[in-house]
Amino acid sequence: LKNILEVKDLRTSFFTHVGEIKAIRGVSFSLKKGEAIGIVGESGSGKSVTSMSVMKLLQFPGKIVNGEILFRGENLVNTPEKKMQSIRGNEIAMIFQDPMTSLNPVYTIGDQIMESIIKHQKVDKKVAKEKAIEMLKLVGIPSPEERIDQYPHEFSGGMRQRAMIAIALSCEPELLIADEPTTALDVTIQAQILELMKKLKDEINTSIILITHDLGVVADVCSRIIVMYGGLVMEEGTTEEIFYNPKHPYTMGLLKSIPRMDLGENQRLIPIEGTPPDLLNPPKGCPFAARCPYTMKVCETEQPPYFTTETGQRSMCWLLHKDAPKIEVDTGVK
Ligand code: SF4
Ligand code: MG
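Keep in mind it's a predicted model, so treat the numbers as computed, not measured.

1. Topic: the overall build of the chain
Line of reasoning, step 1. The secondary structure content of the chain amounts to 11 helices and 12 strands.
Line of reasoning, step 2. In terms of C-alpha radius of gyration, the chain reaches 21 Å, essentially the compact-globule figure of 20 Å for 334 residues.
Line of reasoning, step 3. For the chain, the C-alpha atoms occupy an extent of roughly 70 × 50 × 40 Å along the three principal directions.
Line of reasoning, step 4. By the burial criterion, 41% of the 334 residues in the chain qualify as buried.
Line of reasoning, step 5. Excluding contacts between residues fewer than 6 apart, the proportion of contacts in the chain whose partners are at least 24 apart in sequence is 63%.

Written out as C-alpha cells, the structure is:
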C-alpha cells in the first residue's frame, strides 16, 4: 500500500490586522490508497484549516507558511491554481458541512451530477441520467426521477447535503475529504451516509479523510484516527487504540464527553472544561495545559515531543516520558 497523501510539517497562518493567528503549527500525517482516516477535535482545533490547506482553498488572509502536501508524490503547495482546479473535484473531492457553498444554484441537481458522471465515467447522456438517478436513490433522496430536474433551492438542507455527496462520489475521486458531512443530518440519515462512504471506500478504493468533532462518527468508517488540538496533532492511532487505549489526556477527555454507541447506557458524559488556546499567542508548552487534569510544571514551559509506541501510536504528552508519574485513566465508563 502506497501513500496517496503525505502531509509534512504543515503550518498555516491567518495574517489578520491584530497579528498572525497560527492555526496549524506543524501537522504531519499520511494516508494510504483506499484507507480512511478520521481527523477529530473541537472547533478551533485546526482540523478544517488542515483540509482547506490540502485543497488549497484557504481564504484570504490565510496562507500556508511551511510544509509539504504530497498528493501522489506531487507537492500541492507549489501547484499552480489552474492545475489545482482540475485536481479538485476530479482526483480530490470535498464535502462540506454547508452544501450551498458547493452546489451551483443555476443548474439543476441532475445536471450537476450528470456533468460529473459524463466527464469521469465516459458514458452518454442517457446512461448518465440513469446513473444520476441511481446516485440520488443511493443517498436517500425520495422520488429521484422527479427530483433530478429540480434546482438546489428546491431541496431542503438535508436533501442538498445528500445531493452534494452524490456529486462528490459520482466523479469517483481518489481522495474524498469530508468535513463534518453528517453534522446537520438526523441520526438515521447520518448512518446511511456513513455507510455509503464506507461502501465507496471498499468498492472503488477511494481514500477518505473524515473530519468531525464527533468521535462516534469516525469509529465505523476509519481505521486510523488523528486527534487535533491547538493546531497540532495530539494523538494518532488505530481506531482501536484511540477508543480503547488512549494515551493523551485530550483524547481521554473527548472520549468521556461524547456519547458512544458501543457503551450504551454505561457511560457518564463529562464535558472538557475551559476553552481552546488563543492561537494569536499560542502557549509555549503543551496547548492543552490550561485544561488538562494532569498538568505538570514542564507542560507549561516546553512543548512535549511525540512519544511513539511499537505499533505507531503517537502522543504529544509529557506523561509518556519514562520519568513521568503514572496516571490512573478515567475512561468515563461506569
Ligand atoms: Fe496534560 Fe502535560 Fe500531557 Fe499536556 S503534556 S496533555 S498538560 S500532562
Ligand atoms: Mg470545521
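Next comes the rest of the write-up.
2. Comments concerning the nonpolar core
Line of reasoning, step 1. Counting 89 residues, the largest nonpolar core has Ala 166, Ala 168, Ile 177, Leu 210, Val 227 and Met 234 as its most contacted members.
Line of reasoning, step 2. Among the elements that line this core, the one with the most residues is helix 6 (residues 157-170), at 8 residues.

3. Some words on unusual backbone geometry
Line of reasoning, step 1. Of note, the amide linkage connecting Phe 60 to Pro 61 takes the cis form, showing an omega dihedral of 5 degrees.
Line of reasoning, step 2. On the secondary structure map, Pro 61 appears in the loop between helix 1 (47-54) and strand 4 (62-71).
Line of reasoning, step 3. Positive phi, close to 45 degrees, is recorded for Asp 9, a residue that is not glycine.
Line of reasoning, step 4. Relative to the helices and strands, Asp 9 resides in strand 1 (residues 3-16).
Line of reasoning, step 5. Although it is not a glycine, Glu 180 adopts a positive phi angle of roughly 50 degrees.
Line of reasoning, step 6. Inspection of the secondary structure assignment puts Glu 180 in the loop between strand 7 (175-179) and helix 7 (187-204).

4. What to know about the packing of helix 3 (residues 109-121) against helix 6
Two quantities define a packed helix pair, namely the angle between the axes and the distance from one axis to the other.
Line of reasoning, step 1. Across the interface, helix 3 lies against helix 6 with an axial gap of 8 Å and an inter-helix angle of 15 degrees. Regarding the angle of helix 3 to helix 6, the classification is roughly parallel. For the pair helix 3 and helix 6, the sense of crossing is left-handed. Contacts between helix 3 and helix 6 pair Ile 109, Gln 112, Ile 113, Ser 116 and Ile 117 from the former with Ala 163, Ala 166, Ile 167 and Ser 170 from the latter.
Line of reasoning, step 2. Tallied by class, residues from the contact of helix 3 with helix 6 come to 6 nonpolar, 3 polar and no charged.

5. Focus: the pairing of strand 2 (residues 19-32)
Line of reasoning, step 1. With 11 bridges joining them, strand 1 and strand 2 adopt antiparallel strand pairing. Residue pairing for strand 2: Thr 12 is matched across the bridge by Ile 24.
Line of reasoning, step 2. Where strand 1 folds back onto strand 2 in an antiparallel hairpin, the turn is made up of 2 residues.

6. Some details on the sheet that holds strand 5 (residues 74-75)
Line of reasoning, step 1. Taking strand neighbours across the sheet as the criterion, the 4 strands line up as 2-1-4-5 in an open arrangement whose pairing is antiparallel. Sheet topology places strand 2 and strand 5 at the edges, where each strand pairs with a single neighbour.
Line of reasoning, step 2. In terms of strand pairing, strand 1 meets strand 4 through 8 bridges, oriented antiparallel. Each residue of the ladder has a partner; that of Ser 13, found in strand 4, is Lys 63.

7. Some points on the packing of helix 3 against helix 4 (residues 125-138)
Line of reasoning, step 1. Across the interface, helix 3 lies against helix 4 with an axial gap of 9 Å and an inter-helix angle of 120 degrees. For the element pair helix 3 and helix 4, the recorded crossing hand is right-handed. Of the residues in helix 4, those touching helix 3 at Gly 110, Ile 113, Met 114, Ile 117 and Ile 118 are Lys 125, Ala 128, Lys 129, Lys 131, Ala 132 and Met 135.
Line of reasoning, step 2. Considered class by class, the residues forming the contact of helix 3 with helix 4 number 7 nonpolar, 1 polar and 3 charged.

8. What to know about the environment of Lys 56
Line of reasoning, step 1. In this fold, Lys 56 is placed in the loop between helix 1 and strand 4.
Line of reasoning, step 2. For the pair Lys 56 and Ile 69, spaced 13 residues apart in sequence, the C-alpha to C-alpha distance is 9.8 Å.
Line of reasoning, step 3. Discounting chain neighbours no more than four positions away, the residues touching Lys 56 are Leu 76 and Met 84.

9. A word on the sheet that holds strand 10 (residues 232-238)
Line of reasoning, step 1. In spatial order, the strands read 6-7-8-3-9-10-12-11; together these 8 strands make up an open sheet with mixed pairing. Every other strand in the sheet has two partners, leaving strand 6 (92-95) and strand 11 (306-308) as the edge strands with one partner each. With strand direction ignored, the average angle separating the axes of adjacent strands in the sheet is 20 degrees.
Line of reasoning, step 2. Bridge analysis of strand 9 (residues 224-229) against strand 10 gives 6 bridges, and the strand direction is antiparallel. In the sheet register, Arg 224 faces strand 10, and the bridge partner there is Thr 238.

10. Some words on helix 1
Since one α-helical turn is 3.6 residues long, residues separated by three or four positions face the same way.
Line of reasoning, step 1. Here helix 1 lies mainly inside the structure; 6 of its 8 residues are buried.
Line of reasoning, step 2. Three or more residues of helix 1 are buried, namely Lys 47, Val 49, Thr 50, Met 52, Ser 53 and Val 54.
Line of reasoning, step 3. Lys 56 occupies a position one or two residues after helix 1 and carries a positive phi of about 60 degrees.

What counts and what doesn't
- The numbers attached to residues start from 1 for each chain and follow its sequence in the written order.
- Labels follow written order: the first chain is A, the first ligand is 1, and so on.
- The predicted nature of this model means local features are confined to residues of pLDDT at least 70 and side-chain atom pairs, given and counted, to a pLDDT of 80 or more, with totals for whole chains, interfaces and linings taken over all residues.
- Secondary structure counts use DSSP, requiring at least four H or I residues in a row for a helix and at least two E residues in a row for a strand, with both numbered from the N terminus.
- Note that the radius of gyration is over C-alpha atoms, with the globule rule given as 2.2 Å times the number of residues to the power 0.38.
- Residues with at least 20 neighbouring C-beta atoms inside 10 Å of their own are called buried, those with 12 or fewer are called exposed, and the rest are partly exposed, where every C-beta is derived from the backbone.
- Contact between two residues is assigned when their C-beta atoms, built from the backbone, lie within 7 Å.
- Linking buried Ala, Val, Leu, Ile, Met, Phe, Trp, Tyr and Cys residues through C-beta atoms within 7 Å yields a set, and such a set is a nonpolar core.
- Convention adopted: a line fitted to C-alpha atoms gives each axis, helices being fitted over their contacting stretch, and angles between N-to-C directions are expressed from 0 to 180 degrees.
- Angles are sorted into four bins: roughly parallel if under 35 degrees, roughly antiparallel if over 145, roughly perpendicular if 65 to 115, and oblique for all others.
- Working rule for handedness: look at the near helix, and if it is turned counterclockwise from the far one by less than a right angle, call the crossing left-handed; if clockwise, right-handed.
- When residues are sorted by character, Ala, Val, Leu, Ile, Met, Phe, Trp, Tyr, Cys and Pro go into the nonpolar class, Asp, Glu, Lys and Arg into the charged class, and all the rest, Gly among them, into the polar class.
- For two strands to be treated as a pair, DSSP must find at least two bridges joining them.

By themselves, these figures tell us nothing about what the structure is for.
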